[in-house]
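# Summary of the model geometry
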Amino acid sequence: MMDQQNNSRRDFLLTGLAVAGIAAGCNNKKDVFEAGAEDGAKASGKKVKLLSVDGEVIEVDEAFLKPVPHLPPVTNTEARIGIPGKKFVMVIDLSRCKNLKHCQSACNHAHELNPGENWIKVDPMKSADHAAPYWEPTTCMHCDEPPCVKVCPVDATFKREDGIVLIDSDRCIGCRFCMAACPYSTRVFNWGEPEIPAIVASQPYSAETSIPQKKGTVGKCDFCADMTRMGMLPHCVSACPNGTFFFGDINEDSVTNGAETFRFSELIRDKAGYRLMEDLGTKPSVYYLPPVNRNFPFESGLENDKAQNS
Amino acid sequence: MKPLNKILTGLLLVIFLAPGYNGFSQTAQKGSLSIALNYFTSNNQVPSLGVKVKTKVDGRFQNVGGVTMKLFLDKDSAGNFIGKVTTNDDGEASTYIPSSLKYKWGKSVKHTFVATFTGDKKYDAGSGDLTVSRAKILIDTASGRKITATVFEMKDTSWVPVKGVDVKIAVKRMGADLGVNDKPTFTTDSTGQASADFKRDSIPGDARGNITLTARVEDNDQYGNLSIEKSVPWGAKFRMLNTFDNRTLFATRGKAPLWLQLIAYSIIFTVWGILFYLVLNVFKIKKLGEESSSR
Amino acid sequence: MTKHKIHDLKYFKVENLIVNGAMPISKEQKKVTVINDAQIIADLLPQKFGKAGKIWVGVLIAICLVGAYAYYRQLRYGLIVTSMRDYVSWGIYISNFVFFVAISLVGSLITAVFRLAGVKWGSPLTRIAEIIAVAAIIFASLIIIVDMGSPERFYNLFIYGRIQSPIIWDVIVITTYFFISLLLLYYPLLPDIQILLRFKQNTGKRLYKFYGYIGSFWKGTPEQFKLSEKAINILCIAIIPVAFTIHTVTSWLFATTYRPGWDSTNFGAYFIAGAFLVGAGAVVVAMYVFRKAYHLEKYITENHFEKMGRILVLLAMIYLYFNMNEFLTPFFKMKESEAEYLNGLFSGNFAPLFWFAILTGMIIPTIILLFKKGRKPLPVFIAGIMVVVGAWFKRYLIVTPTLLHPFLPMHDVPASYHHYFPSWEEWAITLGSLAGAMLIITLLARIFPIIPIQETITEQHETAE
């Protein structure tokens, strides 16, 4: 496939880069215009002349051609309601996790997090004394009965229609009750001034991007609400080279890790999916597939663990 | 002499190639860009070009925004100018083929798209290209929930079916599409057709049970990206159960459970009522005191 | 006892004399003659600070200033100056908060419960109790603001408050309790202000104006007394449920979470039992200090220490009972999530602190106070100090160990997150808050008579009859 891309026309250096780039980068094969078609744009009346595949000139309404722009963050009021008709769910396949922590670095990079503040943690777990250990990535569970939302005194953390639980850092008073209430220990706190570039820090806060983080407020995984609004997958899902994270809309009964797509109900049924700490009644939105027929031995992830957990 | 020959050859190779290798001559200040082009045709309507620009930083690829490039059809000349694009923050840009190139577009079935970047302060000049043949894809459904996708390519002036093209037939979902059965790809036969049986029974659709089927050719060497959609009523009717407005302990302040509000406010009202009364009492005592002193 | 007939009274010890169901009259009380009014007033009027008093106030102010500087650093750099991190996200600020709320219950115990139960000997202690309650509740609110990560958004609690949140319940109840305690301090103070205004020469000019502003309208007429008595009765009845609520709601800050050690149905009663105990301990300490500092031996007699000692024993036993319920039953079961936590307390990292708190806070004071010799003023004072110190560490043990045993392993975090020892800023602010509370108590005792003058006069008249 790569040969076709005219090596002779390229610089010596660019060839190598291009090959590596197309193979490695998180390519989104989506046609940028197609994504916008779902927005149901209304005809603007202004027509543009373009060439069709057949070589004919056709007129298309300009409004239908608009590519999905890099949507500006929605207002915090809209962010509190969410995307109607959707209910997001995540499935994590424990047999694929090798503790590579690409999910962690992609998430930290995308949300400009401080070092040590990991929204995704990959924990070594063992379900019983003689059971085999495995790596378990945890994100916020976006529970359907979230204990953190129940206890927030100022409505700074809230659950939306689409199931995502977000934090409004403009309202958070930093009491950390939500951190005490969360049984999954998924929330982190900005104890000091976040180390982010000034240009990011001066932006107004958007609850869907959770950028910029503010001193004295709580932060956590937000299921990349800004990405899902554009119909794209969260950064952790795209970043994992093993395809451990599956993400989708439970109302569509479909989850994908970017490369493979499964019917959610079938996946959970066939692989005996379960949720963490089900007995607490939090009704999490993240399902786990047991580490059956693992792809990698547990020990292969130990090396990567030392840097943060020596 | 043989070892010397080898050394000489090696040396010559290095001398010959070294100038082409910018990395040595630079003081590592200007980066180089990798420009990738992609060709999309959606619903056989209007073809578009997508450009992705990346640069290698510390061994990892990063998207580069704000790079302005010129796109040309076949040749890097003014008459073949497609358009000028600037990449956004994600390093992506896209454009359509303007109607002015109609004649040149119709002249041949195979075209090469060229993107050139003249270089700026941060990056060296560079270019990228992509060669595609014109093609289109059609989708059809038959009874028994059978889906057929047909791929055609342009030969001279007519559409000719193509054999051996990988087609993905799927149900359109959020994020990525769900294959209609467990087979990931279907290959077109000599009639250019690829068929699939729809096995996703009761997959949720919209309120009337409509789902959108898609047939795609992805990143084909010759044809680029082709896709087409069709809406069918094969899904289960979906009713959204919205619990957002329910009164719960985890709802917003305006949707607190009524029993909680009743208990809390009645207690507060009673106790603060008593306190208020007691404060009034102080003023009563004060009045009594003033009366008795005036007596 | 000898086998003399019951009407041969002279052979019975005076202490055992039971007449018409009244309490046995102690030797001491029978000996003491009724004090005249002028003497009472002279003894009980607030006195200027002596040298010791001035040094005391100076030291307290110094500690407060160091605390204020530490808080300035915290405001500037954020809570990162503390040692709290993502796992131990609540530290000694919160345990100090619980401690203050616990102590503030003393007001309702001594003033309200004693009064409603008709316990007369407790009346000299009511003002001390109320002053401690007011000071404690003020600093409870202040320390909770100190603990907030973004205190400049404090007003959000009132504009955006969610009635579903236990913190909002806590804010409401603390505010309510503050006002009730203030009123319960104020109403019985009115007759004393009249006396203070009468003896102008003993008070400074500014204080005189202040007294006049808050109570010059009190003339002591029967109508006024009737209204005041009614108000005080209502307050005493109202304050008890509010006091129970305040500490129950504070316990719910922990009990509404799932964590081991906090997920207990016992918490409300457990906290209240602890609160009464530490409140009684605090009153005993204050009693002794004021008695010595202001020479109040005639009013806070050895009998008061005897009685308070017995009450301390009773409260300590009740608290010990709740502790056993709280720890022995989970220990019997050793649930997976609780096992590490319990082992940590009984035999692990927290064991020295845990057993220290149990011994000093409950067991040793009980042993001291079980003996008659142990209920003399000095031993009771020492027992009181032990109770208060033990209680402070007990509150720390409620907050921190649970947070260090989360359900999921502590992982992918910097090493410092795995343990907690407060930083100097936290110590400075905590000690500053304790010093501040003691400063308020000292200053209120300077301004207002520490023992209600009018009540003492009235009671002396009653015993004379």
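Structure: above.
Residues numbered from 1 in each chain as written. Chains lettered and ligands numbered in written order. Predicted model: local features only at pLDDT ≥ 70, side-chain atom pairs only at ≥ 80, totals over all residues. Heavy atoms only, no water.

Turning our eyes to something else, we now look at the overall build of chain A. If you tally the helices and strands in chain A, you get twelve helices and 13 strands. Residues classed as buried in chain A amount to 58% of the 310 residues present. Of the roughly 12600 Å² of accessible surface on chain A, 55% is carried by carbon and sulfur atoms. (Helix = DSSP H or I, 4+ residues; strand = E, 2+ residues; numbered from the N terminus. Buried < 20%, exposed > 50% of the residue type's maximum accessible area, 1.4 Å probe, protein only. Areas by Shrake-Rupley, 256 points an atom, 1.4 Å probe, with all protein chains shown as cover.)

This brings us to the side chain of C:T126. Residues and elements named next belong to chain C. In this fold, T126 is placed in helix α6 (residues 126-147). Among the residues examined, T126 registers a relative accessible area of 13% and is labelled buried. The contact partners of T126, leaving out residues within four places of it in the chain, are I110, T111 and P452. (Contact = heavy atoms within 4.5 Å.)

Residues and elements named next belong to chain A. Strand order in the open sheet formed by five strands is β12-β11-β10-β3-β13, with mixed pairing between adjacent strands. Every other strand in the sheet has two partners, leaving β12 (261-263) and β13 (286-289) as the edge strands with one partner each. In this sheet, neighbouring strand axes are inclined to one another by 25 degrees on average, regardless of whether the strands run parallel or antiparallel. Strand direction decides the pairing type here: strand β11 (residues 254-256) and β12, joined by three bridges, are antiparallel. In the sheet register, T256 faces β12, and the bridge partner there is T261. (Pairing = 2+ DSSP bridges. Axes fitted to C-alpha atoms, helices over the stretch in contact; angles between N-to-C directions.)

Turning next to the interface of chain B and chain C. Taken together, the contacts link 30 residues of chain B with 28 residues of chain C. For the pair chain B and chain C, the summed buried surface comes to about 2300 Å²; carbon and sulfur atoms form 74% of the total. Of all residues in chain B, B:R253, B:L278 and B:I285 bury the most surface against chain C, accounting for 26% of the area lost on that side. Counting the contacts that link chain B with chain C gives zero salt bridges. The tally of links from chain B across to chain C stands at 14 residue pairs in polar contact (both at pLDDT 80 or more). Taken together, the residues of the side of chain B that touches chain C break down into 19 nonpolar, seven polar and four charged. (Buried area = accessible area lost by both parts, 1.4 Å probe. Salt bridge = Lys/Arg side-chain N within 4 Å of Asp/Glu carboxyl O. Polar contact = N/O pair within 3.5 Å; in protein donor to acceptor, adjacent residues only side chain to side chain. Nonpolar A, V, L, I, M, F, W, Y, C, P; charged D, E, K, R; others polar.)

All names here are of chain B. In space, the four strands of this open sheet follow the order β5-β4-β7-β8, with antiparallel pairing throughout. If you trace the sheet from one side to the other, it starts and ends with β5 (81-86) and β8 (126-133), each paired once. The sheet shows a mean angle of 20 degrees between the axes of neighbouring strands, direction not considered. The pairing of strand β4 (residues 68-73) with strand β7 (residues 110-117) spans four bridges and is antiparallel. Among the inter-strand pairings, L71 is bridged to a residue of β7, identified as A115.

This part covers the nonpolar core. Within the largest apolar cluster, 228 residues are counted, with the highest numbers of intra-cluster contacts made by A:M90, C:W90, C:I110, C:Y187, C:F254, C:F290 and C:M308. Other than its neighbours up to four places away in sequence, A:M90 contacts A:T139, A:F223, A:C236, A:V237, A:F245, A:F246, A:F247, A:S285, A:V286 and A:Y287. Of all hydrophobic cores here, the second largest spans 27 residues; its members include B:A135, B:I137, B:I139 and B:V180. (Core = buried A, V, L, I, M, F, W, Y, C linked by side-chain atoms within 4.5 Å.)

The next subject is helix α13 (residues 336-346) of chain C. Where α13(C) is concerned, the buried positions are C:E338, C:A339, C:Y341, C:L342, C:G344, C:L345 and C:F346. Lining the buried residues of α13(C) we find α12 (302-333), α14 (351-370) and α15 (377-403) of chain C.

Two residues of an α-helix separated by three or four positions point the same way, owing to the 3.6 residues in each turn. With 37 residues, helix α4 (residues 258-294) of chain B extends 53 Å from end C-alpha to end C-alpha; this agrees with the ideal 54 Å at 1.5 Å per step. Listing the buried residues of α4(B) in full gives B:L260, B:Q261, B:A264, B:V271, B:L275, B:L278, B:N281, B:V282, B:I285, B:L288, B:G289 and B:S292. Where α4(B) is buried, its residues touch α8 (166-198) and α10 (222-255) of chain C. (Expected span 1.5 Å × (residues − 1).)

Turning next to the pattern of salt bridges. All told, the structure shown has 36 salt bridges over all chains when counted by the stated rule. Between C:R162 and A:D155 there is a salt bridge; the shortest N-O distance is 3.7 Å. Here C:R162 is found in the loop between α7 (156-159) and α8, whereas its partner A:D155 is found in the loop between α6 (147-151) and β6 (157-159) on a different chain. There is no split in this pair, since C:R162 and A:D155 are both buried. Linked by salt bridges that have partners in common, A:R160, A:D162, A:E208 and A:R229 make up one network.

Glancing now at the environment of C:G436. All names here are of chain C. With respect to the helices, strands and loops of the structure, G436 is situated in helix α16 (residues 424-447). Between the C-alpha atom of G436 and that of L60, which follows or precedes it by 376 residues, the distance is 6.9 Å. Apart from residues no more than four positions distant in its own chain, G436 is found in contact with C64 and F139.

This brings us to the packing of helix α11 (residues 267-294) of chain C against α12(C). Residue and element names in this part refer to chain C. Where α11 contacts α12, the axes come no closer than 9 Å and their chain directions differ by 155 degrees. Put simply, α11 runs roughly antiparallel to α12. α11 and α12 meet at a crossing whose hand is left-handed. In the contact of α11 with α12, the residues fall into 20 nonpolar, four polar and three charged. (Parallel < 35°, antiparallel > 145°, perpendicular 65-115°, else oblique. Left-handed = near helix turned anticlockwise from the far one by under 90°.)

This part covers the packing of α8(C) against helix α17 (residues 453-464) of chain C. Residue and element names in this part refer to chain C. Viewed as axis vectors pointing N to C, α8 and α17 meet at an angle of 90 degrees, and their least axial separation amounts to 7 Å. Considering the angle they form, α8 stands roughly perpendicular to α17. Residue-level inspection shows P188, P191, D192 and I195 of α8 in contact with α17, the latter providing I453, Q454, E455 and I457. Grouping the amino acids of the contact of α8 with α17 by side-chain chemistry returns five nonpolar, one polar and two charged.

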